[in-house]
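A closer look at the structure
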Amino acid sequence: MQGLTVKELDCIRGDRLVFAGVALAVKPGRALLLSGANGSGKSSLLRILAGLLPPAAGSLAWEGENIDEDTEAHRRRIAYIGHADPVKPGLTVCENLEFWARLYGLEPEIEPALYQFGIEQLADLPARYLSAGQRRRLTLARLAVGQNSPWGPPLWLLDEPATGLDPSAVAMLANTILAHLANEGVAIIASHGGLLDESLSGHADRLDLQDAAP
Amino acid sequence: MQGLTVKELDCIRGDRLVFAGVALAVKPGRALLLSGANGSGKSSLLRILAGLLPPAAGSLAWEGENIDEDTEAHRRRIAYIGHADPVKPGLTVCENLEFWARLYGLEPEIEPALYQFGIEQLADLPARYLSAGQRRRLTLARLAVGQNSPWGPPLWLLDEPATGLDPSAVAMLANTILAHLANEGVAIIASHGGLLDESLSGHADRLDLQDAAP
Amino acid sequence: MEDIATFLNMGGHAAFVWPALGLTAVILIAMAITSTRQLRANEAALETAEKAGGGRRQRRARGGAEQ
Amino acid sequence: MIGMLLLIRRDLMLAFRGGTDAAMAVVFFILAATLFPFGVGPDPEVLPRIGGGVIWVVALLAAMLSLERMFSADYEDGSLEQFVLSPLPLVLVALAKIIAHWLTTGVLLLVAAPVLAVFYNLPAAAFLPLIVSMLLGTPTLSLIGAIGAALTLGARRSGVLISLLVLPLYIPVLIFGALVVDGALAGRDYGNLLMVLGGFLLLALAAAPWATAAALRQSIE
Amino acid sequence: MIGMLLLIRRDLMLAFRGGTDAAMAVVFFILAATLFPFGVGPDPEVLPRIGGGVIWVVALLAAMLSLERMFSADYEDGSLEQFVLSPLPLVLVALAKIIAHWLTTGVLLLVAAPVLAVFYNLPAAAFLPLIVSMLLGTPTLSLIGAIGAALTLGARRSGVLISLLVLPLYIPVLIFGALVVDGALAGRDYGNLLMVLGGFLLLALAAAPWATAAALRQSIE
Amino acid sequence: MLHRFANPARFSRIAATMLPWVAGVTAILFIVGLYFALFASPADYQQGETVRIMYVHVPAAWTAMACYTFIAAMSAISLIWKHPLADIAARSAAPLGAGFTIIVLATGSLWGKPTWGTWWVWDARLTSVLVLLFLYLGHISLTHAFDNPARGAKAAAILALVGFVNIPIIKFSVDWWNTLHQPASLTRLDGPSIDPSMLTPLLLMGVAFTLYFVTMLLVRMRADLAATKARALRLNAAE
Ligand code: HEM
Ligand SMILES: Nc1ncnc2c1ncn2[C@@H]1O[C@H](COP(=O)(O)OP(=O)(O)OP(=O)(O)O)[C@@H](O)[C@H]1O
Ligand SMILES: Nc1ncnc2c1ncn2[C@@H]1O[C@H](COP(=O)(O)OP(=O)(O)OP(=O)(O)O)[C@@H](O)[C@H]1O
Ligand SMILES: [Mg+2]
Ligand SMILES: [Mg+2]
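Note that the structure is predicted; figures quoted are calculated from it, not measured. (Residues numbered from 1 in each chain as written. Chains lettered and ligands numbered in written order. Predicted model: local features only at pLDDT ≥ 70, side-chain atom pairs only at ≥ 80, totals over all residues. Heavy atoms only, no water.)

**Section: the interface of chain E and chain D**
Rule in force here: Here a residue-residue contact requires only that any non-hydrogen atoms of the pair lie within 4.5 Å. A carboxyl oxygen of Asp or Glu within 4 Å of a side-chain nitrogen of Lys or Arg is what we treat as a salt bridge. Pairs of N or O atoms within 3.5 Å make up the polar contacts considered here, provided that, within protein, one atom can donate a hydrogen while the other can accept it, and that residues adjacent in sequence are counted only when both atoms are side-chain atoms. Elements are defined by DSSP. Helices are runs of H or I of four residues or more, strands are runs of E of two residues or more, and each kind is numbered from the N terminus. Asp, Glu, Lys and Arg are counted as charged, while Ala, Val, Leu, Ile, Met, Phe, Trp, Tyr, Cys and Pro are counted as nonpolar; the rest, among them Gly, fall into the polar class.
Contacts between chain E and chain D engage 41 residues on the former and 40 residues on the latter. Connecting chain E to chain D are one salt bridge. The shortest N-O distance in the salt bridge between E:R69 and D:E68 comes to 2.9 Å. Linking chain E to chain D there are one residue pair in polar contact (both at pLDDT 80 or more). A total of eleven residues in the side of chain E that touches chain D trace back to one element, the largest contributor, which is helix α2 (residues 23–40) of chain E. Tallied by class, the residues present in the side of chain E that touches chain D amount to 27 nonpolar, six polar and eight charged.

Rendered as structure tokens:
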């Protein structure tokens, strides 16, 4: 049992059963594309996988081991990108990225990561002035920092990572993800279709959360 | 000279010249799709067209009349949707929509508008609990409220309206825009390609801001 | 000599009169110095900027649908 | 007019459902005033002596603290842009926000003030002047405050800036408000002091909505 | 450890570049303390009598006001989720945030306090006790405050809630802090009062980071 | 872009030629004024020698108020006609006004101790001057609080206009409320009621302070114009 396995997952938010009986298995080197209508629970599922939200029922396992048994270890193997950009307007692009890289104990190879997402000229600009897409690129650049080190987290959980990105940035993101998969990484990506899905289609399975709607 | 005409527009943000010499003309019943890399100035252009940002140089005219001469009248003909969702978490979906509709002096036909964007079952949910896409739908529903009244604003300025929407919601949005165009409305839409562009392609011109980069 | 002493004494109010005048002088002079310094610095900066890229920008009028 | 009522209603709804947290100001008012006896010691001579002043100072601080949120939520989520584009003139938007602010802070302070007056053992003669002076004074606080809140939208260190801009203009209100209470306690006539407070109010009412609207318009770019 | 230093450094950078507006607390401290003479009247007898208490109360309020922003920015922009997922244990994250909070409020209050003491005409004998008591007391305020700030993340009316949760726990610190100053003025020995303040600090230091971390973890869902 | 600097460029030239002359006259007036103030005028029969503080206190007060009035006028021009020089004039004047206000407060306090027996009282005149200082400080901070200088200028202009209500309050506070402070004896409708031997140095110092303000204003405006121009050049070069 390699990679991530999930069985019989239920999710309740507030009073509502969002989805029930979700099962999935993703092997190293593969991606999983989550689709489903707005409100079908993609973000909720990703948060459950990250351990940020307790599931109502069901079990998660990594390499065959239940993650409840060592949540600490599970945290270390995750890179999670949510809807919001954890970017501080008062810090420069470079400072923002460096902070996260260091906090995650990664060698701060900031320059190449910025380059990988095409924001190297913005390095010294306070993040306050970034456009929506530039800010998203900065958030994503964190993935590139850890990528080539042995400590880079193997499980990427990306919630609509391509929002606001222009086509060239989507291509940069797709390349980053493909490189991660080539490194035997796992990626689970919520998306509504579009360029990113197409670029990844050779390496990805799909899961439509609509099918798990109660 | 019908519709919106723009000549020789320059835009400066902070110390940077973002674009220069932009010219465009959109006739009633047509849409204009703005494209361009992240940071190329799409949002800035829309804000200038809405009168929210003063241009560094250039002129805007509606039906041949310079809009500087009657900014009051210009405001009334605009529906502007930005990157952010002006949605109050503490109010319900219905209350949120009703507030904006009434403030704009529109008959509050809330139900059909919610229906038009597929969020009618959420009407009494506090907006705090909406998913990202549901919140975007709520923001967009405002367009539907004014649409069939004679006071509905003729000029729609939409900044990446389809972010976070699932394909069925994109179709709803496209239908809303097409109905607006059929009413002799004008729409200017920033986007990075995708489903929305395709659905509108028969009725839309394109402007790539990359060409206006200094 | 005594004249100067009585003058400096200010009828016993030297501790108030002289600080008042002195402080005024200090503030006025300080404002004058900082202002002229700023003028010099900014003019020097302007000169370097003029040398660096004096070339006026030419417009590239392009873009737009249905010109 | 309808637009203003709508806006006031919305702000009140948000305040009382916890969005902008109106009760904060009163709670702060009450808690801060309650803390003083702990700090100063419950000396039965000193407390009534300083009571009127403390109540006024704390009311001022409470009003000032709630200023920062007056426009900032609307600024951040893009509602303010929509107000600028709405058919309702921006002056009326400003006035509506000011009224809503007063209803959710000033009025509540007014209600809480007598309770604190009892708490500080103020003589009964001071109650009426305290309340009347606050009735005339607190709307002025909201009006002046709105200008400061609007001017500092999007500024660096806006919290500090608001205080710096607004407090000096609050000081006259504080001085006269406290003088009214002191005057009443000393048995002096305080009628013309109230007139001065009323004058401040009229002045602020005439100028503040316009200045606020101008500041709001330039805050958007 | 490196992670903690990083986090503290980031928070200080943000504070001093105006992001979270650290100076706000000190400015509030100074302004509020300056306002009292306006309200109470500049009676040269009353002022030194209440000076120590006023300074302590205002310091308390200043610390409390800055609590709401302690975690909220990180909560809203998703940074807090990332902290939970980071290799740095959440207790240390909490401790780092508390230290940063103290450095940007407590320390500044400490620096401003002597100035205010002069302003209130406090006798020179009261200076050292005032400063030492604040040195022991303000970290406790940050520690206790962090629990409240974390507990109320995402709650409706979080501002009010924080005050209600935190102030009762602040009152002991206030009482003993003010007693130290009063004792020094009255020529009494205040050594054991300082011991009590130190005890509060140790207690808070032992418990607060864990409680804060637990509260932070449950705030995310 | 360029037309916006055409007019300022001319201003800059005129200012440059005017500067040495105004500065020279200012220096001469200060010397003559101080001579009269310190040597050639008698001590006051009531206040004794402390009256010599008046010769800096009162001119500084006049200039501080005149400076704020000037800023308010420039702000109105900037908001209504959007003349770029008006913004520059306003933000160049504000620190000077703050300096004058500090002089008024300091010299007033130093005068108050021997005459009133206290450094400070919370009366309307003194409080309103303190408010004036805060208004200046607020104006300066607001000008620099935004990343976009144009926004700072507009916000500060609105503040300057709002704060203008304070000026009549300063001016007439001594008439409206009875205080310790001297009522106006010079700028009265029925003519000055002051001995000519004291009037001469006072007027001389008043003109000297005003000219000092004009000189410094010219210097600061030229400095600001140079900075603005350099910024515009950098903008063009950055393409
Ligand atoms: C900090 C304390 C003080 C402040 C802020 C202050 C402020 C002012 C101001 C603003 C003016 C100009 C008024 C006008 O032009 O109408 C003025 C004028 C004057 N002040 Fe003061 N003052 C202070 C203390 C004193 C003291 C202690 C004295 C002397 C006892 C004094 C004597 C005068 C006199 C004689 C004038 C000229 C009045 C006239 O002829 O128009 N001031 N002061
Ligand atoms: N307030 C500001 N001050 C200075 N520069 C700014 C400001 N806002 C935006 N910019 C800069 O202006 C440029 C244009 O931004 P804009 O938001 O218009 O881009 P956009 O085309 O909408 O990009 P995106 O596709 O990412 O939304 C960006 O490079 C940005 O860094
Ligand atoms: N904190 C919450 N409390 C109660 N209900 C919630 C909460 N958060 C989300 N929900 C509800 O749970 C459902 C799933 O939300 P989720 O954000 O997972 O959807 P999603 O698939 O990511 O949608 P989108 O495509 O719009 O991002 C939604 O219907 C939403 O209304
Ligand atoms: Mg989602
Ligand atoms: Mg954009």
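From this point on, the discussion continues.
**Focus on the coordination of the magnesium ion (ligand 4)**
Short version of the rule: Metal sites are built from N, O and S donor atoms within 2.8 Å, or 3.2 Å for Na, K and Ca, and they leave out water, so they may look incomplete.
Taken together, A:S43 (OG) and A:H83 (NE2) make up the protein donors of the magnesium ion (ligand 4), found 1.9 to 2.3 Å from the metal. Taken as a pair, A:S43 in helix α1 (residues 42–50) and A:H83 in the loop between β6 (78–81) and α3 (93–103) lie far apart in primary sequence, 40 residues in all.

**Concerning a nonpolar patch on the surface**
Note the following rule: Here a patch means residues that are over 30% exposed by relative accessible area and free of salt bridges, tied together within 9 Å if like-charged and within 5 Å if nonpolar (Val, Leu, Ile, Met, Phe, Trp, Tyr). With residues, only the protein chains shown are counted as cover, and all accessible areas are computed by Shrake-Rupley using a 1.4 Å probe.
On the surface, E:L151, E:L161 and E:L165 cluster together to form a nonpolar patch covering roughly 230 Å² of accessible area. Positionally, E:L151 belongs in helix α7 (residues 127–151).

**With respect to the relation of the copies chain E and chain D**
Counted only if it meets this: When the copies are superposed, the least-squares fit takes in the C-alpha atoms of residues with a pLDDT of at least 70 in both.
Mapping chain E onto chain D calls for a screw motion: a turn of 180° about the axis and a shift of 0.0 Å along it, with 0.1 Å RMSD after fitting. The symmetry that links the two subunits is that of a two-fold axis. Both copies contact each other with a shared surface, as 98% of the interface residues of chain E are interface residues in chain D too.

**Topic: the sheet that holds strand β5 (residues 65–66) of chain A**
All names here are of chain A. Which entries qualify depends on this criterion: Whether two strands pair depends on DSSP finding at least two bridges between them. Orientation is described by axes fitted as lines to C-alpha atoms, over the contacting stretch for helices, and by angles from 0 to 180 degrees between their N-to-C directions.
With antiparallel pairing, four strands are arranged side by side in an open sheet as β2-β1-β4-β5. Because the sheet does not close on itself, it has two edges, and the strands there are β2 (16–26) and β5. Where strand β1 (residues 4–13) and β2 come together, seven bridges link them in antiparallel fashion. Its bridge partner lying in β2, L4 is registered against V26. Relative to the sheet, α1 contacts β1, β2 and β4 (57–62), its axis offset from that of β1 by approximately 120°.

**Thoughts on the coordination of the magnesium ion (ligand 5)**
Residues and elements named next belong to chain B. Which entries qualify depends on this criterion: Think of it in three bands: with a 1.4 Å probe and only protein chains considered, a residue is buried below 20% of the maximum accessible area for its type, exposed above 50%, and partly exposed in between.
Distances from the magnesium ion (ligand 5) to its protein donors, S43 (OG) and H83 (NE2), fall at 1.9 to 2.3 Å. For S43, a relative accessible area of 23% puts it in the partly exposed group. Judged by its relative accessible area of 36%, H83 falls in the partly exposed class.

That is the geometry; function is a separate question.
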